[in-house]
Amino acid sequence: MKALTARNADRHALYEIAVQRPEVILGLIDELAGMLELPKRRVLREDFCGTAYLSAHWAASDAERRAVGVDIDADTLAWARAHNRDPLGDAARRIELIEDDVLNVRKRADVLVSLNFSHYIYKARSELLGYLKHARRCIKPGGFMVLDAFGGPGSIEASVDRRNFSMFEYQWEQEAINPLTHEIACHIHFRFRNGSKLQRAFSYDWRMWSLPELRELLSEAGFDDLGIYFESEDGFIGDADAVELHAWVAYLVALRHPTG
Ligand SMILES: C[S@@+](CC[C@H](N)C(=O)[O-])C[C@H]1O[C@@H](n2cnc3c(N)ncnc32)[C@H](O)[C@@H]1O
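The structure presented is a predicted model; accordingly, all values stated were derived computationally and were not measured. (Residues numbered from 1 in each chain as written. Predicted model: local features only at pLDDT ≥ 70, side-chain atom pairs only at ≥ 80, totals over all residues.)

Where helix α5 (residues 125-137) contacts helix α6 (residues 211-220), the axes come no closer than 9 Å and their chain directions differ by 50 degrees. Taken together, the axes of α5 and α6 are oblique relative to one another. Like other packed secondary-structure pairs, α5 and α6 cross with a definite hand, here right-handed. In contact with Leu 128, Leu 129 and Leu 132 of α5, α6 contributes Leu 217, Leu 218 and Glu 220. In the contact of α5 with α6, the residues fall into 5 nonpolar, no polar and 1 charged. (Axes fitted to C-alpha atoms, helices over the stretch in contact; angles between N-to-C directions. Helix = DSSP H or I, 4+ residues; strand = E, 2+ residues; numbered from the N terminus. Parallel < 35°, antiparallel > 145°, perpendicular 65-115°, else oblique. Left-handed = near helix turned anticlockwise from the far one by under 90°. Contact = placed C-beta atoms within 7 Å. Nonpolar A, V, L, I, M, F, W, Y, C, P; charged D, E, K, R; others polar.)

The assigned domain composition of the chain is domain 1 (11-150 + 209-255) and domain 2 (154-205). Placing the centre of domain 1 and that of domain 2 at their C-alpha centroids yields a distance of 22 Å. In this assembly, 9 residues from domain 1 lie in contact with 12 residues from domain 2. It is helix α1 (residues 11-19) that provides the largest number of residues to the side of domain 1 that touches domain 2, a total of 5 residues. For the side of domain 1 that touches domain 2, the class distribution of residues is 6 nonpolar, 1 polar and 2 charged. (Domains from an automatic or database assignment.)

Moving on to the pairing of strand β1 (residues 43-47). The side chains of a regular strand alternate between the sheet's two faces. Among the 5 residues in β1, 5 count as buried, and that is most of the element. Relative to strand β2 (residues 66-71), β1 is paired through 5 bridges, and the arrangement is parallel. By the bridge assignment for β2, Arg 45 is matched with Val 68. With helix α3 (residues 53-61) bridging β1 and its parallel neighbour β2, the resulting β-α-β unit is right-handed. (Buried ≥ 20, exposed ≤ 12 C-beta atoms within 10 Å, placed from the backbone. Pairing = 2+ DSSP bridges. Right-handed = clockwise from strand over helix to strand, strands pointing away.)

So, in structure tokens, the structure goes:
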């Protein structure tokens with residue numbers, strides 16, 4: 001196999017390998033859907049879908065599942081169509097990809113997700129609340145939303161987290177958090193065996209929201225709290241273990257009440 005270098009690498013493909021774990025999210029959604037006894041025909045809406053990797057896994061997992069992916073970036077969606085949707089054959093017809101601002105799209109779903117901290121683009125409380133209210137309106141009664149968050153003492157200081165994959169090294173760089181605004185700049189870099197590097201393959205300009213803030217906003221948006229799930233390499237861990245971690249990633253799950 002040809003060695004990967006900065007010249008021939010595809011940043012979206014590397015991102016999927018290094019960052020995304022659709023099976024974890026699908027497992028969590030299935031567990032919650034079972035608990036809530038959702039009807040079988042289930043529609044997933046993936047806001048900020050990027051390459052729609054999760055939407056593709058969702059639609060491929062069951063002939064009665066449909067996905068709606070929404071992203072504002074035309075090039076990323078073109079990549080999603082070519083690499084994740086079109087190769088699926090029949091299941092491809094059950095994936096709709098919409099190029100727009102999530103706030104302009106009213107398609108409804110049983111489950112709506114915002115992952116990899118995409119909602120951190122909203123820096124003002126009123127903006128994030130506006131998005132959560134909109135998301136709730138786009139969820140059918142009895143459905144739920146999953147959104148993630150990161151935190152822990154290690155997540156507020158400048159750092160570079162490195163992980164090795166067979167053909168490249170993944171680097172997650174965080175600049176120090178602004179204590180006044182909680183704004184944080186993060187970058188993904190990829191380094192290859194020949195020493196070349198895709199510097200700032202992805203960059204993010206975010207406000208880091210805390211779990212209590214997110215919970216309060218979800219409640220203000222009209223959601224019922226279904227809990228917080230802390231992720232670890234081997235599955236989900238309890239809150240008591242999570243507070244010991246230097247850095248953590250968690251999923252918040254919020255219900256649109258069946259009668260609401
Ligand atoms: C952090 S990436 C997340 C990609 C994917 N959801 C994941 O889990 O890896 C954020 C994505 O949101 C898209 N985006 C940013 N602002 C948006 C908006 N207002 N409406 C729709 N998509 C947006 C970007 O183009 C980008 O693909």
